[in-house]
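Report on the structure
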Amino acid sequence: MKTLKKLLCTALSLSLVLALAACGGNSSGGDAASGEVPIIGINQYGSHGSLDNCREGFLQGLQEAGLVEGTDYTIDYQNANFDTNLATQIAQAFSAEDAALMVGIATPSATACYAAAEDKDIPVVFTAITDPVGAKLDSGNITGTSDVLPVQGQLELIRAIQPEAKTIGIVYTTSEPNSVYSIGVYEDLAADYGFTIEAIGVTAQSEVTQAVDTLISQGVDCISNLTDNNVVGVLGSILEKTNEVGIPVYGSEIEQVELGCVAGAGLDYVQLGIQTGKMAAQILTGEATCADLPYETIENYGLYVNSSALTEMGLTLPDDVAQTAEEVGPTA
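Here we summarise the structure given alongside this text. A quick note: this is a predicted structure, and the numbers were derived from the prediction, not measured.

Sheet architecture is open: 6 strands sit in the order E2-E1-E3-E4-E5-E11, paired in parallel fashion. The open sheet terminates on both sides in strands that have one partner only, identified here as strand E2 (74-79) and strand E11 (296-297). Summarising the sheet, strand E3 (residues 101-105) and strand E4 (residues 124-129) pair through 4 bridges and their orientation is parallel. Within E4, the residue paired with Val-103 across the bridge is Val-125. Its contacts with the sheet place helix H3 (residues 84-96) against strand E1 (39-44), E2 and E3, and it is angled at close to 175° to E1.

Structure, rendered in structure tokens:
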């Protein structure tokens, strides 16, 4: 029986790789001069609000740059479902089909694309990466946009809403360079605002809710999310636990606040994607190369609040924050 299961798993994996290699609609390559429509392979690490918004913004950016799908490019979109091995298989399939451009949404997918594209020198564009330098994606035939978190803005927001709070809990994935980088920034700045950070590292999404249970048992005053893919992927389960015990959770972008976090200082990921799409358009049309376009960091951020979630936690939004924050969630 075990042998049969192994054979079936092997057959399914082979079928997946072959199916991925055959993707891309009617296109079979990226040579526009030969009359073929160039393929843009989009490798998205998983599905949650910020990554989905990046993809939608990316497609919008291509259109705003004047490109027409089906004429100037065709999209081969694949989702790795938070599986690093699958992200690698997807990137290898893009290379096998001679994609004209690879797009990596989140660090694991971008890293996989960069590795798969290197032998054929296929340009790679990334988005939703906090620390391209730490991920070693800052040189070569690659560029994109960085979503460095406005940690200082988040700490200011938490202090304004919870003036008596002392401890902030954070769950992060130890293998995600984005999260490791952001934890370091939190720890560097927290004391300036009178906070201590209780950070718990996990290695898989299945460990996230247990880590949240640990933070609750430690009596943290609140939890602050990063744009950590494993954590955000189970945000609903996190909020069930924290709402039950009255611990507010702060999001790092608008989608997390819409889902029930009390507030957050964060980026607009649709705009991040649009900026990325416009960079990709320049590369696809030959207007520029990756070397001509150093990766860009989004510095402007917004404040988002969910009044319903604040009320549930017994928290009041200070007037000065209310004047600049955008209301999202059920009452928006």
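Back to the write-up after that little detour.
This next bit is on the pattern of salt bridges. Enumeration according to the criterion identifies 5 salt bridges in this entry. Of the charged contacts in the structure, one is a salt bridge between Arg-55 and Glu-56, with a shortest N-O distance of 3.3 Å. Taking relative accessible area as the criterion, Glu-56 reaches 42% and is therefore assigned partly exposed. The salt bridge involving Lys-241 is made with Asp-213; its shortest N-O contact spans 3.1 Å. In this pair, Lys-241 sits in helix H9 (residues 235-245) while Asp-213 sits in helix H7 (residues 208-217), placing the two residues 28 residues apart along the sequence. One network of salt bridges, with partners in common, ties together Asp-52, Arg-55 and Glu-56.

The next subject is the sheet that holds strand E10 (residues 263-267). On the basis of which strands lie adjacent, the open sheet formed by 7 strands has the order E7-E6-E8-E9-E10-E12-E13 and mixed pairing. Because the sheet does not close on itself, it has two edges, and the strands there are strand E7 (196-202) and strand E13 (326-327). As paired elements, strand E8 (residues 222-224) and strand E9 (residues 249-253) share 2 bridges and run parallel to each other. Note on E9: the bridge partner recorded for Ser-224 is Tyr-250.

Relative orientation and spacing of two packed helices are given, respectively, by the angle between their axes and the distance between those axes. Put simply, H3 and helix H4 (residues 107-117) touch, their axes get as near as 8 Å, and they point 40° apart. Classified by chirality, the crossing of H4 by H3 is right-handed. Contacts from Thr-84, Ala-87, Thr-88, Ala-91, Gln-92 and Ser-95 of H3 reach H4 at Pro-108, Ser-109, Ala-112, Cys-113 and Ala-116. A breakdown of the residues in the contact of H3 with H4 according to their chemical character gives 6 nonpolar, 5 polar and no charged.

Rules used in this analysis
- Residue numbers run consecutively from 1 along every chain, following the written order of its sequence.
- Only residues with pLDDT of at least 70 get local features here, since the model is predicted, and only at 80 or more are side-chain atom pairs given and counted; chain-wide, interface and lining totals rely on the full set of residues.
- The side-chain values count all of the structure's non-hydrogen atoms but skip hydrogen atoms and water molecules.
- Strand pairing follows a simple DSSP-based rule, namely that at least 2 bridges must link the two strands.
- Helical segments are the DSSP runs of H or I of at least four residues, strand segments are the runs of E of at least two, and each set is numbered from the N terminus.
- Pairs of residues are marked as contacts when any of their non-hydrogen atoms sit within 4.5 Å.
- To get an axis, a line is fitted to the C-alpha atoms, and for a helix only the part in contact is used. The angle between two axes follows their N-to-C directions and goes from 0 to 180 degrees.
- Salt bridge, as used here, is a side-chain nitrogen of Lys or Arg placed within 4 Å of a carboxyl oxygen of Asp or Glu.
- Using a 1.4 Å probe on the protein chains alone, a residue whose accessible area is under 20% of its type maximum counts as buried, one over 50% counts as exposed, and one in between counts as partly exposed.
- For any helix crossing, the convention is left-handed if the near helix is rotated counterclockwise from the far helix by under a right angle, and right-handed if that rotation is clockwise.
- Only Asp, Glu, Lys and Arg are considered charged in this grouping, and only Ala, Val, Leu, Ile, Met, Phe, Trp, Tyr, Cys and Pro are considered nonpolar; every other residue, Gly among them, is considered polar.

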